[in-house]
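Given next are the chains, with one letter for each unit.
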Amino acid sequence: MTDDAGAETARAAAGENRLFYRNLAMDRPQLFAAIMGFNASANWESNTHGPGLNNHGAHGLLAQSNRAKGRLYARDDQGFWDFEEESRRMALLDAPTLNECILSWGAAFCAPLINKFILKKDIEILNQDIGRKHLDFARGKGRFNIGDISGIIQVEEPTVPPEKIRALILKYGMRAHGICAAAWPGPLQTIEARRIERHLPDLFLHMPRLALPPPAHLRAIWFTMKKILLKEVAPQWTPCFS
């Protein structure tokens, strides 16, 4: 391929990318705004953008920032833009929402261990360490949201004292996150790891390094995380997920 032909191909691809994001801004403004906020955070030191937080949505974000426009139209090498695969959109969540999703998923997964505690003093420790909301969720419908994933992840600890339940919740919640993230492109994995290390250090301590899982395992775990995220944790994020 000649230099002129290569340049023409690059220009055509850039045009397609610009058209794709313009269409996304028109058809799915919440998702577009989340993607823009995700990439803008590299320069604005902000990971708090979420759907509905900007009254003007994606159009407001573009109108307020020439840098945002430049990133959209120039498509430079910084950041990450390909969120067509749905599980990657977990990286778009603001830090508090991601933290809540991990805690909720982990509590539901650890329900068999949590349900063993019946003494008042143990329940008080659990309430203090993981919160009444997560405790009630685990003891109630949480496990039903996950279903049977024993062929993918199993509780390895037959019994633990109540003081260690929170650590297990984070361990298994981050393992589920890691199964999904293992299939992400390397640049997105790097961005997500840095974000968690900076904003959610408790989660980062439990961040696993996992081999690429079978596609069926990824689909099953992502289905459960998405269900808990949108049904229990943050339904306002629903427009960002198909």
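Since the model is a prediction, treat every value here as computed from it, not as a measurement.

1. What about the side chain of Asn39?
Note that Asn39 resides in helix 2 (residues 29-44). Only 3.0 Å separates the side chain of Asn39 from the backbone oxygen of Ile35, close enough to count as a polar contact.

2. Focus on the pattern of salt bridges
Counting across every chain of the model gives 10 salt bridges. Ionic pairing is found between Glu232 and Lys141, a salt bridge with its closest N-O pair at 3.1 Å. Placement of the pair is Glu232 in helix 12 (residues 215-233) and Lys141 in helix 8 (residues 132-146), with a sequence separation of 91 residues. Relative accessible area serves as the criterion here: at 31%, Glu232 is assigned to the partly exposed category. Among the ionic pairs, Glu192 bridges to Arg195, the shortest N-O distance being 2.9 Å.

3. A word on the packing of aromatic side chains
With the rule as written, the count across this model stands at 5 aromatic pairs. Arranged with centres 5.3 Å apart and planes meeting at 10°, the rings of Trp105 and Phe109 form a pair that is stacked. A residue pair is termed a helical-turn pair when its members lie 3 or 4 positions apart in one helix, as Trp105 and Phe109 do in helix 5 (residues 95-109) at 4 residues. No difference in accessibility class separates Trp105 from Phe109, as the two residues are buried. A centroid spacing of 4.9 Å and a plane angle of 40° characterise the contact between Phe109 and Tyr172, whose relative ring orientation is tilted.

4. Focus: the packing of helix 9 (residues 165-181) against helix 12
At a minimum axis separation of 9 Å, helix 9 and helix 12 run at an interaxial angle of 130°. Relative to helix 12, the element helix 9 is oriented oblique. As for the relative orientation of helix 9 and helix 12, their crossing is left-handed in sense. The residues of helix 12 that touch helix 9, namely those facing Ala176, His177, Ile179 and Cys180, are His217, Leu218, Ile221, Trp222 and Met225. A class-by-class count of the residues in the contact of helix 9 with helix 12 yields 7 nonpolar, 2 polar and no charged.

5. Section: the nonpolar core
Trp105, Ile114, Ile221, Met225 and Trp237 are the most contacted members of the largest nonpolar core, which has 66 residues in total. Of all the elements, helix 9 adds the most residues to this core, at 10 residues. Ile114 has contacts with Ala107, Leu126, Ile130, Leu135, Ala138, Arg139, Ile165 and Ile169, leaving out every residue within four places of it along the chain.

6. A word on helix 7 (residues 120-130)
Taken residue by residue, helix 7 has Asp122, Leu126 and Ile130 as its buried positions. Down the axis of helix 7, the buried side of the element spans an arc of 40°, and every buried residue falls inside it. Facing away from the buried side of helix 7 by over 90 degrees, the exposed positions are Lys120, Lys121 and Gln128.

7. Focus on the environment of Ala220
Assignment of secondary structure puts Ala220 in helix 12. Residue Ala220 is classed as partly exposed on the basis of its relative accessible area, which comes to 27%. In this structure, the C-alpha to C-alpha distance between Ala220 and Ile146, residues 74 residues apart in sequence, is 9.1 Å.

8. Re the confidence of the model for the chain
Confidence in the prediction of the chain, expressed as mean pLDDT, is 82, and 76% of residues score 70 or more. Segment residues 43-59: pLDDT under 50, and 36 contacts once partners within four positions in sequence are set aside and those in other chains are kept. Here residues 73-77 is a poorly scored stretch, pLDDT under 50, and it has 8 contacts once near neighbours within four places are set aside; other chains count.

9. Some words on helix 10 (residues 186-199)
In this model, helix 10 (14 residues) spans 20 Å end to end at C-alpha, consistent with the 20 Å of a helix rising 1.5 Å per residue. Among the residues of helix 10, Leu188, Glu192, Arg195 and Ile196 are the ones counted as buried. Each buried residue of helix 10 lies within a common arc of 95° when the element is viewed along its axis, so the set occupies one face. Seen from the buried face of helix 10, the exposed residues on the opposite side, beyond 90 degrees, are Arg194 and Arg198.

What counts as what
- Residues numbered from 1 in each chain as written.
- Predicted model: local features only at pLDDT ≥ 70, side-chain atom pairs only at ≥ 80, totals over all residues.
- Heavy atoms only, no water.
- Helix = DSSP H or I, 4+ residues; strand = E, 2+ residues; numbered from the N terminus.
- Polar contact = N/O pair within 3.5 Å; in protein donor to acceptor, adjacent residues only side chain to side chain.
- Salt bridge = Lys/Arg side-chain N within 4 Å of Asp/Glu carboxyl O.
- Buried < 20%, exposed > 50% of the residue type's maximum accessible area, 1.4 Å probe, protein only.
- Phe/Tyr/Trp six-rings, centres within 6.5 Å; stacked < 30°, edge-to-face > 60°.
- Axes fitted to C-alpha atoms, helices over the stretch in contact; angles between N-to-C directions.
- Parallel < 35°, antiparallel > 145°, perpendicular 65-115°, else oblique.
- Left-handed = near helix turned anticlockwise from the far one by under 90°.
- Contact = heavy atoms within 4.5 Å.
- Nonpolar A, V, L, I, M, F, W, Y, C, P; charged D, E, K, R; others polar.
- Core = buried A, V, L, I, M, F, W, Y, C linked by side-chain atoms within 4.5 Å.
- Arc of directions from axis to C-beta.
- pLDDT = per-residue confidence, 0-100.
- Expected span 1.5 Å × (residues − 1).

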